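Summary of structural features
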Amino acid sequence: MSFWDRLTGKVVDVAGLGQKRRAVATGITAFDGPISDLRLEMAIKSHPWLQNRATTGFLLSTWAAQALQDMAAILEATAQKQLGEPGKLPEASFALADELYDAALRWIEFGQSALIAMDADPEYELPVQLPAGPPRLEWVSEAPPAHFVAAIQAAVQLGTAVEDALNNLQTDRSRLPRKYDGAFDTISRAIRVARAKLDQVEAAESDRQAVRLSPDIWAMLQEVVRLYFLAGQQVARPALIDPRYDAATQAAARSRRLPPPPAQAPAQRAPAQPADPAPQQAGPGRPPVQVGSGYAPRTMARPASLPPPPPPPPPPTLGERLGLRFDAWELTDTGARSTYRNDPTRIAELEAFWRADTNPEETHRLFGLIAAAGKAGQVAVRPGEFSKACPWISTFVALADVTIGTEQFRMGQLFTVKAGQEGAYFGRGFERLGFIPGTQPGQAKPPGAATQPRLDTQRHGERTARASRTAAAPAVPSEDDLWRLTAAFQRPQRRATPADTSKLRQLWRADPDPARTIAFHDEVLAAVRAGNVRQQGDECLRDCPWSQVYVAVNRVTIGGVQLERNEKFALQVDVKDGAFSRRICRLGTIKTAS
């Protein structure tokens, strides 16, 4: 190996990033017009923090995409300058820039979806758990010093992007209620902590060998990126701030805004004494008043009492400590809640349940569908009946034929929501519990039959009843669920094409178990949120439902299929020879640069 190779490590051609770099630049440029109009409208009428979820989701996505693009650009420029060889990058820098561009493309997809929903669905929520995780800076021991110096400068650029975003919000701060003062203080404090840690990392930058060989410095740099990326998301949406910290900072902000104490009242002057007053006996505890000594007030003016300090913020609830947007006990049956709420063992079980849930919002959404049907008088709670497993959800009965989500329930049918850990996968869905006696749909009698059909003693069941139950046509998902298998960047153009919409509906009608297909897709999304899988840019299957193509970051098992690191795959759902199938489609392995 040459001296240059020993000094710099492996280098690769930077041209390999050109396609992704152009794709990110094109996507961000397409947002220039909408973002300018939106900011102008908010500058006249309101403030970014007072917008609906779709708008704040669009602002958050555009900021994240721009920040990640700038980080990748600074990383490339600094690494090339440190190497002194134009057009070349250290292999570690190339891989990091590639991941930053991939992350920027994902945020561009999120921004496109939020932009479409701003008018149609103001309460649209981004299809990612917020706050999202930061870009990962993996430790590569054999990387050259140029890689570490470039990574530090990329973190400096991320900090600049966060501070610029916060400064832009400060100009319109007068439009906000005072309750947001705590949010500004929390974000500012996080930025100061990140800046202090970054100063320590930059102090080691002059000693290149120390930067290269010390994993502790690299771990501190990762913490800087995490703090900055979290603060940047909070700048776009302050609801992402941990309620515990937000409550404390709001209380501190209120104490700084207390009104000043009232001015002291002037002392009352006593009337003038007669010319020759009679000698007065000094009272107990008071000095005698001498003749000619002037006016003597009877009492001293008392200082005005200060208002009491603000009450301390209430302790955070279980849901606030877990970062949930709803009460952690909301799914629990009313009777079970009153019994278990003060039981430390049950509280620990509920906390473990929500921590294991890979998508709490989806679990809450399923329960909310039943609650909405209950308000409409279509579903009722069975008193005193609830699941024995955490979170102890009530048993419900359908008061009429009703469709909840993608499931149809007959009048008198009992059901509940079943959620919990199933092996390595957290599952959720509706569970059918039979019928109330006397309401189960009867079987049609054959002509001339005088009695009910006899039971088949060999199979211990009513064979024809089972056949009729399985032959029922599955329900087509709602409009919200219809496109969930389709890649986000494909949805706008496919929605606008009636032929594609019809093709997708036919595919769902052919699905004998839509809930199982949705659960399979949720398992893929759970692997994405866990960091074991990432999206492969703007790449999807060509056939309906145009599923997103993914790449396994680590060795992972999805749907019983074990995928190796860097292996490409997609969830393939189709109908062949009259048979419906859902499976993991393997698409080869990505070869890393050597």
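Here the structure is shown first, and the text comes after it.
Quick summary incoming for the structure in this document. (Residues numbered from 1 in each chain as written. Predicted model: local features only at pLDDT ≥ 70, side-chain atom pairs only at ≥ 80, totals over all residues. Heavy atoms only, no water.)

Position of aspartate 500 relative to the elements: it lies in helix H18 (residues 498-510). Assessed through its relative accessible area of 10%, aspartate 500 is described here as buried. For aspartate 500, the residues in contact, after removing those within four places along its chain, are Arg494 and Trp546. (Helix = DSSP H or I, 4+ residues; strand = E, 2+ residues; numbered from the N terminus. Buried < 20%, exposed > 50% of the residue type's maximum accessible area, 1.4 Å probe, protein only. Contact = heavy atoms within 4.5 Å.)

Moving on, we come to the packing of aromatic side chains. Going through the model one piece at a time under the given rule, you end up with 15 aromatic pairs. Residues phenylalanine 148 and tryptophan 218 carry aromatic rings whose centres are separated by 4.9 Å and whose planes lie at 85 degrees to one another, so their mutual orientation is edge-to-face. Of this pair, phenylalanine 148 sits in helix H6 (residues 145-170) while tryptophan 218 sits in helix H9 (residues 215-236), placing them 70 residues apart in sequence. Residues phenylalanine 148 and tryptophan 218 agree in their burial class; the two are buried. Each member of the aromatic cluster is reached from another via a ring pair, and the members are Phe367, Phe396, Phe409, Phe415 and Phe430. For arginine 346, the ring lying beneath its charged end belongs to tyrosine 340, and the centroid distance is 4.6 Å. Across the ring face of phenylalanine 386, the terminal group of lysine 388 is positioned such that the distance to the ring centre comes to 5.3 Å. (Phe/Tyr/Trp six-rings, centres within 6.5 Å; stacked < 30°, edge-to-face > 60°. Lys NZ or Arg CZ within 6 Å of the ring centre and 35° of its normal.)

Our focus in this paragraph is the sheet that holds strand S14 (residues 579-589). Overall, antiparallel pairing links the four strands, which are arranged S9-S10-S13-S14 in an open sheet. Edge positions in the sheet fall to strand S9 (533-540) and S14, since each has one partner strand and no second. Between one strand axis and the next, the sheet turns through 30 degrees on average, direction left out of account. Pairing of S9 with strand S10 (residues 548-552), which is carried by four bridges, proceeds in the antiparallel orientation. Across the sheet, residue cysteine 540 finds its bridge partner in S10, namely glutamine 548. Helix H19 (residues 514-529) rests against S9, S10, strand S13 (567-576) and S14 of the sheet, and its axis sits at about 20 degrees to S14. (Pairing = 2+ DSSP bridges. Axes fitted to C-alpha atoms, helices over the stretch in contact; angles between N-to-C directions.)

As a further point, take the nonpolar core. Core analysis: the biggest nonpolar cluster contains 80 residues, and Trp63, Trp107 and Leu221 have the highest contact counts within it. With 15 residues, helix H5 (residues 91-120) is the single largest residue contributor to this core. Look past the residues within four positions of tryptophan 63 in its chain and what remains in contact with it is Leu158, Ala161, Val162, Ala165, Tyr228, Phe229, Gly232 and Gln233. Within the second largest apolar cluster, 28 residues are counted, among which are Phe367, Val402, Phe409 and Phe426. (Core = buried A, V, L, I, M, F, W, Y, C linked by side-chain atoms within 4.5 Å.)

Here we come to the pattern of salt bridges. On inspection of all chains with the given rule, the structure shows 26 salt bridges. Salt-bridge contacts for arginine 237 lead to glutamate 125; the nearest nitrogen and oxygen are separated by 2.8 Å. With arginine 237 in the loop between H9 and helix H10 (243-256) and glutamate 125 in the loop between H5 and H6, this residue pair connects regions lying 112 residues apart in the sequence. Salt bridges linked by common partners bring Lys20, Asp98, Asp102 and Arg534 together as one network. (Salt bridge = Lys/Arg side-chain N within 4 Å of Asp/Glu carboxyl O.)

Reading across from one edge, S3-S4-S7-S8 is the order of the four strands in this open sheet, with antiparallel pairing throughout. Sheet topology places strand S3 (379-386) and strand S8 (425-435) at the edges, where each strand pairs with a single neighbour. Taken over all neighbouring pairs, the strand axes of this sheet differ in orientation by 30 degrees on average, direction set aside. Alignment of strand S4 (residues 394-398) against strand S7 (residues 413-422), held across two bridges, turns out to be antiparallel. Considered in S7, the bridge of phenylalanine 396 is made with phenylalanine 415.

What follows is about the pairing of S10. Most of S10 sits out of view: five of its five residues are buried. Side-chain alternation along S10 places Gln548, Tyr550 and Ala552 on one buried face and Val549 and Val551 on a second face that is also buried.

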